[in-house]
Amino acid sequence: MIDNFALGLTHGLLMLIAFLLLKRPDLDREEPVEPSHPQKRPPRKGRPRA
């Protein structure tokens, strides 16, 4: 009986979380992300190539 209760409780909570996440209005919007600074490559270690 405890096993059925634990399974039912966890599955019920997962369904509630999924429902609340899918109901969020910001899932339908995609806003472009602008980098705040240009990406620089880190210096390479080792011997310089010719």
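This is a predicted model, so every value here is computed, not measured.

(A) Expanded view of the overall build of the protein. Looking only at helices and strands, one finds one helix and zero strands in the protein. The buried share of the protein, taken over its 50 residues, is 0%. When the accessible surface of the protein is totalled, it reaches about 6000 Å², and 62% of it is carbon and sulfur.

(B) Focus on the pattern of salt bridges. Scanning the model with the defined rule gives one salt bridge in all. We note a salt bridge from Arg24 to Asp26, for which the minimum N-O separation is 2.6 Å.

(C) Local environment of a nonpolar patch on the surface. A surface patch of nonpolar side chains, about 620 Å² in accessible area, is lined by Phe5, Leu9, Leu13, Leu16, Phe19 and Leu20. Examined against the element boundaries, Phe19 turns out to sit in helix H1 (residues 2-22).

How each quantity is defined
Residues numbered from 1 in each chain as written. Predicted model: local features only at pLDDT ≥ 70, side-chain atom pairs only at ≥ 80, totals over all residues. Heavy atoms only, no water. Helix = DSSP H or I, 4+ residues; strand = E, 2+ residues; numbered from the N terminus. Buried < 20%, exposed > 50% of the residue type's maximum accessible area, 1.4 Å probe, protein only. Areas by Shrake-Rupley, 256 points an atom, 1.4 Å probe, with all protein chains shown as cover. Salt bridge = Lys/Arg side-chain N within 4 Å of Asp/Glu carboxyl O. Patch = residues over 30% accessible without salt bridge, like charges linked within 9 Å, V, L, I, M, F, W, Y side chains within 5 Å.

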